[in-house]
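Report on the structure
One letter stands for each residue in the lines below.
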Amino acid sequence: MSSVSQADQGRDSFRSKWGFILACIGSAVGMGNIWLFPYRMATYGGTFLLIYLIFDILIGFSGVVGEMSFGRAARSGPVGAFRQACASRGHGKLGALIGGIPMMGALALAIGYSVVVGWIFNYLAASLTGDLMAAATVDDFGARFNGVAASNAVWQIIAMVVTLLIMAFGVGKGTEKANKLMTPLFYTLFIGLAIYLFTLPGSAEGYRYIFVLNPEG
């Protein structure tokens, strides 16, 4: 048996197709979708949504599929995959260094997202206790957010502990199970929010704005 096959047998992986798909969906919701997307949508309406969807399809069917295919073909992470690719040209060490770049990027993203998860835990607790709704105006919400961003050490630690516990269970029992719970819950909340917004006065104009193309945009 080859060393690659032996490594594959001892390597944890997703247990189901849906577990993998839900994990991909969860990883695709980045900070740009959380902050910049609503701002661009409010500025340009349906025109921006059309361009956004076009690039979603282009990047999804090229970059994302290519990246995943590269990793599966190499049966390795970024460092090993780039090392193998460059080794065919006699530059295996250079390839390993290149593969380290996305690893450093992933580490930087993980640091940033750990802060965001801490905020999420803080807001979740505040919504359950009713403290969140004490903010009556947009400025009040802004002031509360600034306070959370400036001092959130306790919830930050809790978020990191929860994340480490999920990782400790591995891919199948940890990451996959967590995504099977959190991703459907996220969409349930999202759909519920959309239904609630539909019942508010003036919602028809809002939906028309985001779904109708505006040539000026």
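Since the structure is predicted, the reported quantities are computational estimates derived from the model, not experimental observations. (Residues numbered from 1 in each chain as written. Predicted model: local features only at pLDDT ≥ 70, side-chain atom pairs only at ≥ 80, totals over all residues. Heavy atoms only, no water.)

Within the protein, the regular secondary structure consists of ten helices and zero strands. Secondary structure elements of the protein, listed N to C terminal, follow the sequence α-α-α-α-α-α-α-α-α-α. What you see for the protein is a C-alpha radius of gyration of 21 Å, clearly larger than the 17 Å of a compact globule of 217 residues, by over 25%. Each principal axis of the C-alpha atoms in the protein carries an extent, and together these give about 65 × 45 × 30 Å. For the protein, the proportion of its 217 residues judged to be buried stands at 18%. Total accessible area on the protein is roughly 15,500 Å²; 72% of this is exposed by carbon and sulfur atoms. One finds the centroid of the 14 positive side-chain charges in the protein at a distance of 18 Å from the centroid of its 10 negative side-chain charges. (Helix = DSSP H or I, 4+ residues; strand = E, 2+ residues; numbered from the N terminus. Rg over C-alpha atoms; globule rule 2.2 N^0.38 Å. Buried < 20%, exposed > 50% of the residue type's maximum accessible area, 1.4 Å probe, protein only. Areas by Shrake-Rupley, 256 points an atom, 1.4 Å probe, with all protein chains shown as cover. Lys, Arg positive; Asp, Glu negative; His and termini not counted. Charge placed at Lys NZ, Arg CZ, Asp CG, Glu CD.)

As a further point, take unusual backbone geometry. Phi is positive for Arg-75, close to 50°, though the residue is something other than glycine. Structurally, Arg-75 is set in the loop between helix H4 (46-74) and helix H5 (78-87).

Considering the arrangement of structural elements, one finds Glu-176 in helix H9 (residues 170-198). By relative accessible area, which is 1% here, Glu-176 ends up buried. Here the side chain of Glu-176 touches Ser-16 through a polar contact of 2.7 Å, side chain to side chain. Once you skip the residues sitting within four places of it in the chain, Glu-176 turns out to touch Phe-14, Arg-15, Ser-16, Gly-19 and Val-171. (Polar contact = N/O pair within 3.5 Å; in protein donor to acceptor, adjacent residues only side chain to side chain. Contact = heavy atoms within 4.5 Å.)

A word on a nonpolar patch on the surface. Together, Phe-20, Leu-50, Ile-51, Ile-54, Phe-55, Leu-58, Ile-59, Val-64, Met-68 and Leu-213 make up an exposed nonpolar region whose accessible area comes to about 860 Å². Broken down by element, the residue count for the nonpolar patch peaks at eight residues, all from H4. Examined against the element boundaries, Met-68 turns out to sit in helix H4. (Patch = residues over 30% accessible without salt bridge, like charges linked within 9 Å, V, L, I, M, F, W, Y side chains within 5 Å. Salt bridge = Lys/Arg side-chain N within 4 Å of Asp/Glu carboxyl O.)

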